[in-house]
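So the chains spell out like this:
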There are 2 protein chains.
Amino acid sequence: MERIYVKELKKHCEQEVTVQGWVHRIHDLGRIKFITLRDKTGLVQLVLEGELEENLRLEAAVTVKGVCRENEKATGGYEIQVTSLQIVGKANYEVLPFPVNKEESVHLETKLDHRTISLRPAKVRAPFVIQQAIVEAFRSYLSTRHFSEIHTPKILAAGTEGGSEMFTVSYFDTRAFLAQSPQFYKQMMVGAGFERVFEIGHAYRAELHNTWRHLNEYVSLDFEMGFIESEHDIMNMEEGFMKMLIPYLQEHCSEELDMLGAVLPTVRDIPRMPLAEAQQVLLEEYGKPSPPGNLDAEGESLLAEYIMKKYDSEFVFITKYPTAKRPVYTMPYEDDPSVTRSFDLLFRGLEITTGGQRIHDYHHLMDNMKKFNLDPTEFSFYTESFRYGMPPHGGLAIGLERITMKLCGLSNIREATLLPRDLKRLTP
Amino acid sequence: MERIYVKELKKHCEQEVTVQGWVHRIHDLGRIKFITLRDKTGLVQLVLEGELEENLRLEAAVTVKGVCRENEKATGGYEIQVTSLQIVGKANYEVLPFPVNKEESVHLETKLDHRTISLRPAKVRAPFVIQQAIVEAFRSYLSTRHFSEIHTPKILAAGTEGGSEMFTVSYFDTRAFLAQSPQFYKQMMVGAGFERVFEIGHAYRAELHNTWRHLNEYVSLDFEMGFIESEHDIMNMEEGFMKMLIPYLQEHCSEELDMLGAVLPTVRDIPRMPLAEAQQVLLEEYGKPSPPGNLDAEGESLLAEYIMKKYDSEFVFITKYPTAKRPVYTMPYEDDPSVTRSFDLLFRGLEITTGGQRIHDYHHLMDNMKKFNLDPTEFSFYTESFRYGMPPHGGLAIGLERITMKLCGLSNIREATLLPRDLKRLTP
């Protein structure tokens, strides 16, 4: 008999059904027993008469046959009058590390230590349902706009962002690095004739930060597009994505958003503010000085407040970062080479995107490498591409866990990561 | 003026258009010049009068404005009467490493050395169009069957397949490994309540092979599903995928398949043959002995011939691999624990999938670890999950480059990889 998911039970009222899942709750009234079964899609009450199997403990995996009946008092409005219950996955614990069937204050680190158990409540899995929808929306948005999905190597011979903060790998008899981003490769693939590419893949940062917003391994939503006019084409593309994403999530994840109490933002045209102006605003409005060529976490948060007040937007593009603070491939402005055609997107006070236009002229790139004290011969695999007609191009990277965290209203990025890797954590 | 892709020109006949791309060919007849422009979607003839810019060389990137006219003699049936041509990406080479506009016999290693140039011909990019469609089909097939897409760490504290042939990473002050597969994590996510999961991500094998079918970094299409009856549920799922994939490729990639001269297979029910029987067939029909507990490359190829002849199938599942030859998590048969509930899928004589049912009982797994001389404490992050009601489950992994290679009729897996990593190659 085909297995029925709990969410589909309403189509099977008064029928014999098979359901499968985990024992969420046991309520023994003597002659009659109520068991709550939890599957991927929801909870349902099972009604049993007679003795329970001795091994039937909380969180055991079971296969249950019975008749589906309407019961307006039961969770979801249906219950199952059980005719057979079989334990297919035994519970072998002495005590559960923490309860699954009630919300209890458990330290995040303990939850991360016992991920198989901590993810079982639907509410803890909800951010990942939303995360999957974000990824689907990203792919769908770009695929319908002539972008090709690519897969590029994560083991590199040389760094992309200057070479610091990289993990090293022993690659046979040589030393290699884990990719901080697919930057060089997505540019090369634009030049290789794909013109517009995107990649959803892991990126690695050997940063010594251990904060609520840092991971050492994360998923990067990258795109890169050729034949652009300026960095504004890239911002327009991201703005368009955000305008598509929010209704998409509303449509596909309303239940999960409700579970989390998450409120989606309204996306109108996103204000674009040069960094110097943002720093000025922070100083004038909040007396808050900023580090040179950047905003700090407190500044981002205060600026979010200001932008909300002034523009009624939870998003803001910060533009024109100084040349000295951006990587070697970043396009400087022609009329003021001290600033670049780059931007960050801040959402609810957190940087979720870095992007910009890149240098596409061979000689310009070679000169810039020298200015940055980089040895061009080390990057010849990359610079060579610029000899063969590289069109003006640019792109961006969105941190998947960061956008998930902010959309879900989570307070720690690890809650938007199935199995986080940080300074202290390499397991599970 | 919005840029028009070459493939869409037919909708813009007699209109002024902007096209962008690379200079594919220059044919100078004196007063009149014909230039072939190549963009992501195709080739179009440009007609110019007057002098050409001096820098207009093959493979320069250009933006062209002009009027689109029907011309049945031109490639694609249209040409553009040029009013302006602007070089937006200069050509800075002395000579091209090899021509883009004609097929010439170039050594694969040379093509891989100059990937930005070697990928420019549409025929060389065609396998990646097909590869993207394979990935889309895989996602779509599974997403509509209650599978969740997951992203799991590639930096691990311990090995999944026994610990040999792994790349090591310096992870801050400790030694870690690159994932050979998401095996442990996809199992854990089944147990964590997702029930059915899939992942499309990189996998790493520090194998010393350097053959036409090996890569050291590849993309693995993984899935894992809970509440199964046996390994046949996994094979059924893959068979269903193949039956859906082939018409999907026919519909979405017919042009690329034609370019490559690729012939898609017919997928009927896929024969399932125990390894021992396959070895017997090879010995009896071809006098070909096999290595213990496996087939070698020659054996796979001969068996493909036999299966085609006998079952008219280009696919065959080889089942019941010996326990000693499969990883510790593989489910042995109850009535004959010397063989396992595992399988490989061979397609056109090449293994493209390994899968099977996994051990789900805690004590069974612990006993097996001891039999395999593994220290269970090293894997406690994984084995702990089996204490909390792990349902019967199984899954598989498809090598993306392998299936792409075989479907496209390529002779080397590197042609199905944008930027391959092998024993000798770490760049570009």
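Here we summarise the structure given alongside this text. Every value quoted in this text rests on a predicted model; they were computed, and no experiment measured them.

A separate point is the overall build of chain A. Tallying secondary structure elements over chain A gives eleven helices and 16 strands in all. Along the three orthogonal principal directions, the C-alpha set of chain A runs to about 85 × 55 × 40 Å. Scored against the burial criterion, the 428 residues of chain A give a buried share of 61%. Taking as baseline every contact in chain A between residues at least 6 positions apart, the subset at least 24 positions apart corresponds to 65%. Approximately 17000 Å² of chain A is accessible, and the part contributed by carbon and sulfur atoms is 47%. On chain A, the mean spot of the 49 positive side-chain charges and the mean spot of the 62 negative ones are 3 Å from each other.

A few words now on the relation of the copies chain B and chain A. Relative to chain A, chain B is turned by 180° and slid 0.0 Å along the rotation axis, the superposed coordinates differing by an RMSD of 0.0 Å. The superposition operator between the copies reduces to a two-fold rotation axis. Nearest to the rotation axis, the C-alpha of B:V169 is located 2.2 Å from it, this being the minimum over chain B. By residue overlap, the copies meet face to face through one surface: 100% of the interface positions of chain B are interface positions in chain A.

We now examine the sheet that holds strand β2 (residues 32–39) of chain B. All names here are of chain B. Spatially, five strands are ordered β1-β2-β3-β5-β4 in a closed barrel, and the strand pairing comes out mixed. With direction set aside, neighbouring strand axes in the sheet form an average angle of 55°. In terms of strand pairing, strand β1 (residues 16–28) meets strand β4 (residues 61–70) through seven bridges, oriented antiparallel. Bridge assignment links V17 to a residue of β4, and that residue is G66.

Between chain B and chain A, the contact holds 103 residues from the first and 103 residues from the second. At the boundary of chain B with chain A, total buried surface from both sides reaches about 8300 Å², with 60% on carbon and sulfur atoms. The largest share of the area that chain B buries against chain A comes from B:F172, B:F227 and B:Y388, three residues that together contribute 9% of it. A salt bridge links A:E195 to B:R3; the nearest nitrogen and oxygen atoms lie 2.8 Å apart. Seen at the junction of chain B and chain A, the total is 52 residue pairs in polar contact (both at pLDDT 80 or more). For the side of chain B that touches chain A, a count of residues per class yields 52 nonpolar, 26 polar and 25 charged. When strand β8 (residues 168–171) of chain A meets strand β8 (residues 168–171) of chain B, the two strands line up antiparallel, connected through three bridges. Within the sheet, the bridge partner assigned to A:V169 lies in β8(B) and is B:V169.

Residue and element names in this part refer to chain B. Most of strand β14 (residues 342–347) is tucked away, with six of its six residues classed as buried. The alternating pattern of β14 places S342, D344 and L346 on one face and F343, L345 and F347 on the opposite face, and all of these are buried. Of the pairings in the sheet, the one linking strand β13 (residues 315–319) to β14 comprises five bridges and is antiparallel in character. Counted as the bridge partner of F317 is L345 from β14.

What counts as what
Residues numbered from 1 in each chain as written. Chains lettered and ligands numbered in written order. Predicted model: local features only at pLDDT ≥ 70, side-chain atom pairs only at ≥ 80, totals over all residues. Heavy atoms only, no water. Helix = DSSP H or I, 4+ residues; strand = E, 2+ residues; numbered from the N terminus. Buried < 20%, exposed > 50% of the residue type's maximum accessible area, 1.4 Å probe, protein only. Contact = heavy atoms within 4.5 Å. Areas by Shrake-Rupley, 256 points an atom, 1.4 Å probe, with all protein chains shown as cover. Lys, Arg positive; Asp, Glu negative; His and termini not counted. Charge placed at Lys NZ, Arg CZ, Asp CG, Glu CD. Least-squares fit on C-alpha atoms with pLDDT ≥ 70 in both. Pairing = 2+ DSSP bridges. Axes fitted to C-alpha atoms, helices over the stretch in contact; angles between N-to-C directions. Buried area = accessible area lost by both parts, 1.4 Å probe. Salt bridge = Lys/Arg side-chain N within 4 Å of Asp/Glu carboxyl O. Polar contact = N/O pair within 3.5 Å; in protein donor to acceptor, adjacent residues only side chain to side chain. Nonpolar A, V, L, I, M, F, W, Y, C, P; charged D, E, K, R; others polar.

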